[in-house]
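# Examining the three-dimensional arrangement
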Amino acid sequence: MRDKNYAINDNRNEFISKLELDHSVFKFPDQTHSKNVKIVNESNLYLDTDGVISTSPKFGLGILIADCLPIFLYNINTNHFGLIHSGWRGSANKITSVALNKMIEKGSNPEDIKAVIGPSIGKCCFEIGKEVSELFETQYMEPIVGSKFRLDLKDFLHKELISKGLIEKNLLIDPHCTFCEKNKFFSHRREGQTAGRMMAIMGWKNK
Ligand SMILES: [Zn+2]
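What comes next is a walk through the structure. The structure displayed is predicted, hence computed values, not measured ones.

Criteria and cut-off values
Residues numbered from 1 in each chain as written. Predicted model: local features only at pLDDT ≥ 70, side-chain atom pairs only at ≥ 80, totals over all residues. Helix = DSSP H or I, 4+ residues; strand = E, 2+ residues; numbered from the N terminus. Rg over C-alpha atoms; globule rule 2.2 N^0.38 Å. Contact = placed C-beta atoms within 7 Å. Core = buried A, V, L, I, M, F, W, Y, C linked by C-beta atoms within 7 Å. Buried ≥ 20, exposed ≤ 12 C-beta atoms within 10 Å, placed from the backbone. Arc of directions from axis to C-beta. Pairing = 2+ DSSP bridges. Axes fitted to C-alpha atoms, helices over the stretch in contact; angles between N-to-C directions.

### Comments concerning the overall build of the protein
- Helix and strand content of the protein: six helices and 12 strands.
- Radius of gyration (C-alpha) of the protein: 17 Å, near the 17 Å computed for a compact globule of 207 residues.
- Principal axes of the C-alpha set define a box for the protein whose edges measure 55 × 35 × 30 Å.
- A sequence separation of at least 24 residues applies to 63% of the contacts in the protein between residues at least 6 apart.

### Re the nonpolar core
- Counting 47 residues, the largest nonpolar core has Leu61 and Ala99 as its most contacted members.
- For this core, the leading source of residues is strand β12 (residues 198-202), giving five residues.

### Considerations on helix α3 (residues 95-105)
- All buried positions along α3 are accounted for by Ile95, Thr96, Ala99, Leu100 and Met103. Projected down its long axis, α3 carries its buried residues within an arc of 135°, all on one side.
- The first or second residue beyond α3 is glycine 107, which carries a positive phi of 105°.

### A look at the environment of proline 29
- Locating proline 29 in the fold gives a position in the loop between β1 (26-27) and β2 (37-39).
- The buried category is assigned to proline 29, around which 25 C-beta atoms lie within 10 Å.
- Each C-alpha atom, one on proline 29 and one on lysine 148, is 32 Å from the other, the two residues being 119 residues apart in sequence.
- The residues contacting proline 29, other than those within four sequence positions of it, are Lys38, Tyr46, Thr49, Asp50, Val52 and Ile63.

### Details of helix α5 (residues 153-163)
- Every buried residue of α5 is listed here: Leu153, Lys154, Phe156, Leu157 and Leu161. Seen end-on, α5 carries its buried residues on one side only, within an arc spanning 160°.
- Of the residues flanking the end of α5, it is glycine 165, one or two places downstream, whose phi is positive at about 100°.

### Concerning the pairing of strand β5 (residues 69-75)
- With five of seven residues buried, β5 lies mostly within the body of the structure.
- Taken together, the six bridges between β5 and strand β6 (residues 81-86) define a ladder with antiparallel strand orientation. Within the sheet, the bridge partner assigned to leucine 73 lies in β6 and is glycine 82.
- Counted between consecutive antiparallel strands, the loop separating β5 from β6 contains five residues, among which asparagine 79 sits at a positive phi close to 65°.
- Pairing analysis gives five bridges linking β5 to strand β7 (residues 113-117), with the strands arranged antiparallel. Looking at the pairing, tyrosine 74 lines up with lysine 114 of β7.

### Thoughts on the sheet that holds β12
- Strand order in this open sheet of three strands is β1-β4-β12, and the pairing throughout is mixed. Two strands bound the open sheet, and with one partner strand each, they are β1 and β12.

### A look at the sheet that holds β7
- Ordered by their spatial adjacency, six strands build an open sheet running β2-β3-β6-β5-β7-β11, and the pairing between neighbours is mixed. At either margin of the open sheet sits one strand with a lone partner, and together these are β2 and β11 (171-173). Across the sheet, the mean angle from the axis of one strand to that of its neighbour is 10°, orientation sign disregarded.
- In this fold α3 packs onto β2, β3 (51-54), β5, β6 and β7, with an angle of close to 165° to the strand it touches most, β6.

So, in structure tokens, the structure goes:
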């Protein structure tokens, strides 16, 4: 939500504390639109990383977003959970599959994983040029004037989750568009470099 800029550490800590969680156990990776996913531990340094997984209830996870897709993963049996930042680069490089493969390696059955795709830029507003369009199958794109297209990343990620064995009833895809809804969300595309950042977090309370 567009309340505070969560690129600022103090704002993050304040929000997490308000939820009666310990902000010091939350791990925020140094996001670079990569396809790198790390399983978190005591360290607070996750360079060049856009996906984090926790196999322990003692850690919390956080990512920053402003148009890119935040993907929340949670296994109801192992209690392992993950958080992914996926824009067009991460999506083209299948960062969500990288994360799911790591969870599967750690004992996850994909049928036990629930996933949520949070508010992010919708097909209505996600214009891409020819070069980016070549990274995606045509079924996710709609041509517009010039050699431009509109890309439906939510649909792309939805299909990827299903292809990895997740079950439709365990998926929730938020329909809100961060670009359209300017009173509600920050948008990097709409506001440029100076745009604020929203935050996605996952963690256990009292566990
Ligand atoms: Zn839109």
